[in-house]
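Chain by chain, the residues run as shown.
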Amino acid sequence: MVLEDYKGKKPEFTLGPKTPIYVPTMQSIPRVPVIDATSCIHFQTDGCETCAKVCEPKAIDYDMKDETVEIDVGQILITTGYDIFDASQMAQFGYGRLDNVYSSLEFEMMLNSTGPTGGKVLTKSGKEPRSIGIIHCIGSRDTNHHPYCSRVCCMYALKFAHLAHDRTNAAIYQFYIDMRAFGKGYEEFYSRLLNEGVTMIRGKAAEVVEASNRSDGDGTLLVRCEDTLIGKFREVPVDMVILCNAIEPRKDADVIRRLFSISKSPDGFFLERHPKLDPTSTMSDGIYIAGCAQGPKDIPDTVAQASSAAARILSYISKGQVELDPVRAWIDEKYCSGCRICNNLCPYSAIGFIEEKKVSKVNDVLCKGCGTCVAACPASAITGKGFSDAQILAELEGLLEV
Amino acid sequence: MSFEPKIVAFFCNWCTYTGADLAGVSRLKSPANIRVIRTMCSGRVDPSFVIKAFELGADGVLIGGCHPGDCHYTEGNYKALRRVHLLKKMLQSFGIDEKRLRLEWISASEGDVYQRVAIEFTEQIRTLGPLNWKQKLEQRDKVTQEMIA
Amino acid sequence: MATPKLALYWAASCGGCEVAVLDIESKILDVAAFFDIVFWPCATDFKYKDVEVMADKSITLCLFNGAIRNSENEKIAKLLRAKSVILVAFGSCAYEGCIPALANLTTKEEIFKTVYLETPSTYNPEKIFPQPVTKVKEGEVEIPVFYEKVKSLDQVVDVDYYIPGCPPQSNQVAAVIDVVVDILKNGKPLLPKGTILGAGEKTCCDECPRIRREKKIKQFHRPHEIMVNPDECLLDQGILCMGPATRSGCGALCVKANVPCRGCYGAPPNVHDQGLKMLSALSSIIDAQDPEEIDKIINTIVDPTGTFYRFSLAHSTLKAADL
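Predicted model only: the values in this text are computed from it and were never measured. (Residues numbered from 1 in each chain as written. Chains lettered and ligands numbered in written order. Predicted model: local features only at pLDDT ≥ 70, side-chain atom pairs only at ≥ 80, totals over all residues. Heavy atoms only, no water.)

1. Describing the overall build of chain A
Part 1 of the reasoning: The secondary structure content of chain A amounts to 9 helices and 18 strands.
Part 2 of the reasoning: In terms of overall size, chain A is more extended than a compact globule, its C-alpha atoms giving a radius of gyration of 28 Å where 402 residues would be expected to give roughly 21 Å.
Part 3 of the reasoning: Here the C-alpha coordinates of chain A stretch approximately 100 × 65 × 35 Å along the principal axes.
Part 4 of the reasoning: Counting the 402 residues in chain A, one finds 46% classified as buried.
Part 5 of the reasoning: The long-range fraction of contacts in chain A, counting pairs at least 24 apart against all pairs at least 6 apart in sequence, stands at 61%.
Part 6 of the reasoning: If you sum the accessible surface of chain A, you get close to 21,300 Å²; carbon and sulfur atoms cover 54% of it. (Helix = DSSP H or I, 4+ residues; strand = E, 2+ residues; numbered from the N terminus. Rg over C-alpha atoms; globule rule 2.2 N^0.38 Å. Buried < 20%, exposed > 50% of the residue type's maximum accessible area, 1.4 Å probe, protein only. Contact = heavy atoms within 4.5 Å. Areas by Shrake-Rupley, 256 points an atom, 1.4 Å probe, with all protein chains shown as cover.)

2. Some points on the overall build of chain C
Part 1 of the reasoning: Secondary structure summary: chain C contains 12 helices and 9 strands in total.
Part 2 of the reasoning: In terms of overall dimensions, chain C is globule-like: its C-alpha atoms have a radius of gyration of 22 Å, near the 20 Å expected for 323 residues.
Part 3 of the reasoning: Along the first, second and third principal axes, the C-alpha atoms of chain C reach 65 × 60 × 30 Å.
Part 4 of the reasoning: Split into buried and exposed, the 323 residues of chain C put 53% on the buried side.
Part 5 of the reasoning: Sequence-distant contacts, at least 24 apart, represent 73% of the contacts inside chain C between residues at least 6 apart.
Part 6 of the reasoning: Computed over 35 positive and 41 negative side-chain charges, the separation of the two mean positions in chain C equals 2 Å. (Lys, Arg positive; Asp, Glu negative; His and termini not counted. Charge placed at Lys NZ, Arg CZ, Asp CG, Glu CD.)

3. Remarks on the packing of helix 9 (residues 389-399) of chain A against helix 2 (residues 47-56) of chain B
Part 1 of the reasoning: Running from amino to carboxyl end, helix 9 of chain A crosses helix 2 of chain B at an angle of 25 degrees, the nearest separation of the two axes being 10 Å. Judged on the interaxial angle alone, helix 2 of chain B and helix 9 of chain A are roughly parallel. The two elements helix 9 of chain A and helix 2 of chain B meet at a crossing, and its hand is right-handed. The residues of helix 2 of chain B that touch helix 9 of chain A, namely those facing Asp389(A), Ile392(A), Leu393(A), Leu396(A) and Glu397(A), are Phe49(B), Lys52(B), Ala53(B) and Leu56(B). (Axes fitted to C-alpha atoms, helices over the stretch in contact; angles between N-to-C directions. Parallel < 35°, antiparallel > 145°, perpendicular 65-115°, else oblique. Left-handed = near helix turned anticlockwise from the far one by under 90°.)

4. Overview of the sheet that holds strand 12 (residues 240-245) of chain A
Residues and elements named next belong to chain A.
Part 1 of the reasoning: Taken in spatial order, the 5 strands make up an open sheet running 5-12-6-7-8, and their pairing is parallel. Among the strands making up the open sheet, the edge pair consists of strand 5 (101-102) and strand 8 (199-202).
Part 2 of the reasoning: One ladder, built from 4 bridges, connects strand 7 (residues 171-176) with strand 8; its direction is parallel. Residue pairing for strand 8: Tyr 173 is matched across the bridge by Thr 199.
Part 3 of the reasoning: Along the sheet, helix 3 (residues 104-111) makes contact with strand 5 and strand 12, crossing strand 12 at roughly 120 degrees. (Pairing = 2+ DSSP bridges.)

5. Overview of the nonpolar core
Part 1 of the reasoning: Core analysis: the biggest nonpolar cluster contains 110 residues, and Phe10(B), Phe94(B), Leu282(C) and Phe308(C) have the highest contact counts within it.
Part 2 of the reasoning: Looking at this core element by element, the count peaks at 7 residues for helix 3 (residues 76-93) of chain B.
Part 3 of the reasoning: Not counting chain neighbours up to four residues away, the residues in contact with Phe10(B) comprise Ile392(A), Leu396(A), Ile37(B), Val45(B), Phe49(B), Val61(B), Leu62(B), Ile63(B) and Gly64(B). (Core = buried A, V, L, I, M, F, W, Y, C linked by side-chain atoms within 4.5 Å.)

6. A short note on the interface of chain A and chain B
Part 1 of the reasoning: Facing 24 residues of chain A, the contacting portion of chain B comprises 27 residues.
Part 2 of the reasoning: Between chain A and chain B, a total of about 2,200 Å² is buried, with carbon and sulfur atoms accounting for 66% of that surface.
Part 3 of the reasoning: In this structure, the connection of chain A to chain B is made through 1 salt bridge.
Part 4 of the reasoning: Viewed at the interface, chain B and chain A are joined by 6 residue pairs in polar contact (both at pLDDT 80 or more).
Part 5 of the reasoning: Contributions of two or more residues to the side of chain A that touches chain B are made by helix 8 (372-376) and helix 9 of chain A.
Part 6 of the reasoning: At 7 residues, helix 9 of chain A tops the list of elements feeding residues into the side of chain A that touches chain B. (Buried area = accessible area lost by both parts, 1.4 Å probe. Salt bridge = Lys/Arg side-chain N within 4 Å of Asp/Glu carboxyl O. Polar contact = N/O pair within 3.5 Å; in protein donor to acceptor, adjacent residues only side chain to side chain.)

7. Details of the interface of chain B and chain C
Part 1 of the reasoning: Taken together, the contact between chain B and chain C spans 30 residues of the former and 39 residues of the latter.
Part 2 of the reasoning: Of the roughly 3,400 Å² buried between chain B and chain C, counting both surfaces, carbon and sulfur atoms make up 64%.
Part 3 of the reasoning: Considering only the surface of chain B that becomes buried against chain C, Arg82(B), Phe94(B) and Arg140(B) emerge as the three largest contributors, covering 23% of it.
Part 4 of the reasoning: Taken together, chain B and chain C are joined by 4 salt bridges.
Part 5 of the reasoning: Here Lys136(B) makes a salt bridge to Asp322(C), at a shortest N to O gap of 3.3 Å.
Part 6 of the reasoning: Our enumeration of links across chain B and chain C arrives at 14 residue pairs in polar contact (both at pLDDT 80 or more).
Part 7 of the reasoning: Put simply, the parts of the chain that give the side of chain B that touches chain C at least two residues each are helix 2, helix 3 and helix 5 (133-148) of chain B.
Part 8 of the reasoning: The class makeup of the residues in the side of chain B that touches chain C is 14 nonpolar, 6 polar and 10 charged. (Nonpolar A, V, L, I, M, F, W, Y, C, P; charged D, E, K, R; others polar.)

8. Topic: a nonpolar patch on the surface
All names here are of chain A.
Part 1 of the reasoning: Residues Tyr 316, Val 322, Leu 324 and Val 365 make up a contiguous nonpolar surface patch of roughly 310 Å² in combined accessible area.
Part 2 of the reasoning: With respect to the helices and strands, Tyr 316 occurs in helix 7 (residues 299-319).
Part 3 of the reasoning: Residue classification places Tyr 316 among the partly exposed residues on the basis of a relative accessible area of 34%. (Patch = residues over 30% accessible without salt bridge, like charges linked within 9 Å, V, L, I, M, F, W, Y side chains within 5 Å.)

9. Quick notes on the pairing of strand 1 (residues 7-12) of chain B
Residues and elements named next belong to chain B.
Part 1 of the reasoning: For strand 1, the tally of buried residues reaches 6 of 6 residues, placing the bulk of the element in the interior.
Part 2 of the reasoning: Side chains Ile 7, Ala 9 and Phe 11 of strand 1 all project onto a buried face; the interleaved residues Val 8, Phe 10 and Cys 12 project onto the opposite face, where all are buried too.
Part 3 of the reasoning: Relative to strand 3 (residues 60-65), strand 1 runs parallel, the two being bridged by 5 bridges. By the bridge assignment, Ile 7 is partnered in strand 3 with Gly 60.
Part 4 of the reasoning: Note that strand 1 and strand 2 (residues 34-39) share 6 bridges and pair parallel. Paired with Val 8 across the two strands is Arg 35, which belongs to strand 2.
Part 5 of the reasoning: A crossover links strand 1 with its parallel partner strand 2, the connecting element being helix 1 (residues 13-25), and its sense is right-handed. (Right-handed = clockwise from strand over helix to strand, strands pointing away.)

10. Things to note about the packing of helix 4 (residues 153-167) of chain A against helix 5 (residues 186-196) of chain A
All names here are of chain A.
Part 1 of the reasoning: Between helix 4 and helix 5, the shortest axis-to-axis distance is 10 Å and the interhelical angle comes to 40 degrees. Judged by the angle between their axes, helix 4 and helix 5 are oblique. Here helix 4 and helix 5 pass one another in a crossing that is left-handed. Residue-level contacts link Met 155, Leu 158, Lys 159, Ala 161, His 162 and His 165 of helix 4 to Tyr 186, Phe 189, Tyr 190, Arg 192, Leu 193 and Glu 196 of helix 5.
Part 2 of the reasoning: Of the residues assigned to the contact of helix 4 with helix 5, the class counts are 7 nonpolar, 2 polar and 3 charged.

11. Some remarks on helix 4 of chain A
Residue and element names in this part refer to chain A.
Part 1 of the reasoning: If you check helix 4, its first and last C-alpha atoms are 21 Å apart, about what 15 residues at 1.5 Å a residue would give, namely 21 Å.
Part 2 of the reasoning: Taken together, the buried positions of helix 4 are Cys 153, Cys 154, Met 155, Tyr 156, Ala 157, Leu 158, Phe 160, Ala 161, His 162 and Ala 164.
Part 3 of the reasoning: On its buried face, helix 4 sits against helix 3, strand 6 (131-138), strand 7, helix 5, strand 8 and strand 12. (Expected span 1.5 Å × (residues − 1).)

12. A few points about the sheet that holds strand 2 (residues 36-39) of chain C
All names here are of chain C.
Part 1 of the reasoning: Within the open sheet, the 5 strands sit side by side as 2-1-3-5-9. Their pairing is parallel. Among the strands making up the open sheet, the edge pair consists of strand 2 and strand 9 (161-163). The average undirected angle you get between the axes of adjacent strands in this sheet is 25 degrees.
Part 2 of the reasoning: Across 5 bridges, strand 1 (residues 5-10) lies against strand 3 (residues 59-65) in parallel orientation. Along strand 3, the bridge assignment pairs Trp 10 with Asn 65.

13. A closer look at the pattern of salt bridges
Part 1 of the reasoning: Tallying each qualifying case throughout the model produces 49 salt bridges over all chains.
Part 2 of the reasoning: A salt bridge links Arg234(A) to Asp227(A); the shortest N-O distance between them is 2.9 Å.
Part 3 of the reasoning: Residue classification places Asp227(A) among the buried residues on the basis of a relative accessible area of 4%.
Part 4 of the reasoning: Note that Asp45(C) is salt-bridged to Lys47(C), the shortest N-O span being 3.0 Å.
Part 5 of the reasoning: Connected through salt bridges with shared partners, the residues Asp83(A), Glu248(A), Arg250(A) and Lys251(A) form a single ionic network.

14. Re the confidence of the model for chain A
Part 1 of the reasoning: Residue-level pLDDT values for chain A average 88, and 94% of them are 70 or greater.
Part 2 of the reasoning: A low-confidence stretch, residues 1-15 of chain A stays under pLDDT 50, and its non-local contacts, those more than four residues away or across chains, total 33 contacts. (pLDDT = per-residue confidence, 0-100.)

15. A short note on the pairing of strand 8 (residues 146-151) of chain C
Residue and element names in this part refer to chain C.
Part 1 of the reasoning: Within strand 8, 5 of the 6 residues are buried, which leaves it mostly tucked inside the rest of the structure.
Part 2 of the reasoning: Two strands pair when backbone bridges link them, and strand 4 (residues 68-70) and strand 8 are joined in this way by 2 bridges, in the antiparallel orientation. By the bridge assignment for strand 8, Asn 70 is matched with Phe 146.

Structural data, given as structure tokens:
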């Protein structure tokens, strides 16, 4: 099977030709097929129905419709994941333009035994590459794109090298800036790779160009880079280039953010309550984040973070109640005219606006009692319980009596 | 007999109040002129409190909050900052020296900073002299009444 | 029941409140029919001495508009207080000082200097200022004493009720008259002393039809500086509208005409100091964290003190500047 029509399309559509009824990937959960109504003959002509005929448990129902279900929940865990950087923004690497330049996810798919090549490492023309170049930091550690490090790429680049070495006789080159092998067993794996004969070139690749075509139809690619360890510019001929695309926040991360009133850090990922002491909560009580939605991370870290968030959530659920601090704000509807000046002031998004009544209302559970809204309300409609205006004025009068 | 300034201080619970407490516990001598009202956050401090303090006889008002970026409630201190800036402008319109209102960022571990600020501010107000707002208003009334008589 | 007596008086005022009363249109005939108007300098020829000979508490209802700027204003206020059963502070001047009270941000000396020396058309080389008492060959001539500061009516006499507004909206005046007539005619109990009549219990925002969103101000604009969107909240657009800190009751007329509320109905029910509450609200929504940026945005507010206290300075905490 040959990789066809995959360039620029999303990974789930690069499995080659697809039938209208298909399983998204072999690792989908749940692993059930879906029908693409736009290409299914039954939905166009009311005919066919072959799949229903062959399905023994009679599990196919063409009348199923999309449903929107509303569920009341007390806590939400946001694990919306990441997008990978679109490397066609860096034209110098030829992604989307040159044959045989693959993104990390595309190569991952190629390596997968359920992928388009059945797990074999093949160039576009179906041949085994004689040499492979793996370029690190595409879009990461780059002032023009993302200044941060995507954390996982060095290790998967080493993994790619290891698997490619296993399945082919290709010479493998890694073009890297630093080798970040920070985890358990990671450094040992790196050493093992060095012994497998992978060539490490320390120097970010500058560009990938096409060399003149070789006689057997394969265009060799040239990776131009500076090898800083020997202090020379190099042109390395490879048959395949694999890019380590940056991990970036999802395109609709801002939509999600606004929906849940959570913040983002400067890099665009969702903001945790505390970078060291509380990486799974957000400033809003009851909303948690885990995984790459919070920042690039690999599987062990994601599992740890997700488990931690789940444990926090379960502890609340098992308590069955939420304990509220009595010090908090309360809006008197009698005086509130819905000017909404307070709405934006709450760092915990505890103040909502009730459209029908045109008043604002404080969510008791989220309010932490800081009193900022109390001071700001131009109608004095908000009482700060425990630190009310009357109480503070009484203190003032007492203090200044003598 | 030099005048003893009456200074009302609004300190946020998490940083400045704790910092001032630390100063006390560390036996750092600081003037008793500072009369403290604790609020949970410097963002709770309503400009009305400041003005009321002046009206009731305070000669100076000190507001203490967490350092920018460190507010226990994320950004309450920024609201305090904005309010103080606009309030100082209003104080000038009323003829109250804006130096009588001071906003300081003092963290929970900065007992020494509290001491320094307390001493500095007390001396500054001592130099500026008593405000005596109510008495001044009553005096103007008296002048008017005498003119009518 | 004897015909109830009605008095109206203007102290330091612009006359707008008198117009507001007349603006109840044909209802004025009902008023004239129900009440015996015994004193109304604007519309009738009764003199002070006519009031002085009246029995105490013989005037059923007195609508007093205008602030207390000089000794005459205070003298008549005290006189009418003695002669009236119900004394109403009618309009913003009497209620809270209104525009005359803005003079409290300067001094009597400055005012006199400007008026009697510095205005372009004034020719006063001998620097003659008005004196309360002047000796002439016939004796002494007196004029009222110009006070050091302007006061609201309740700062010189006991006030029973207040009707806010600059001026009070005529439909509200009509409504109040109905209430009063109802009480007098049908012997209903009087409202609690100090009640604010002819106004609502919320703020102007309650009557404003504009769509309000979350507020973050990067710059304040004067209404002529931008194209005002007629459907959106003015404050959202950076125009300083006093609506959020102003009592409701006027029907948000100004805002509906694309002009920001100026605060003439006074402080909302739960607020003591209108200007300071507006200061707190407005500064809280300034969208900046850096002190310099904050100052830059604040500097786009033209005359904050005058704007926030335009109508309510006499009722403010500090009352007057000490200059």
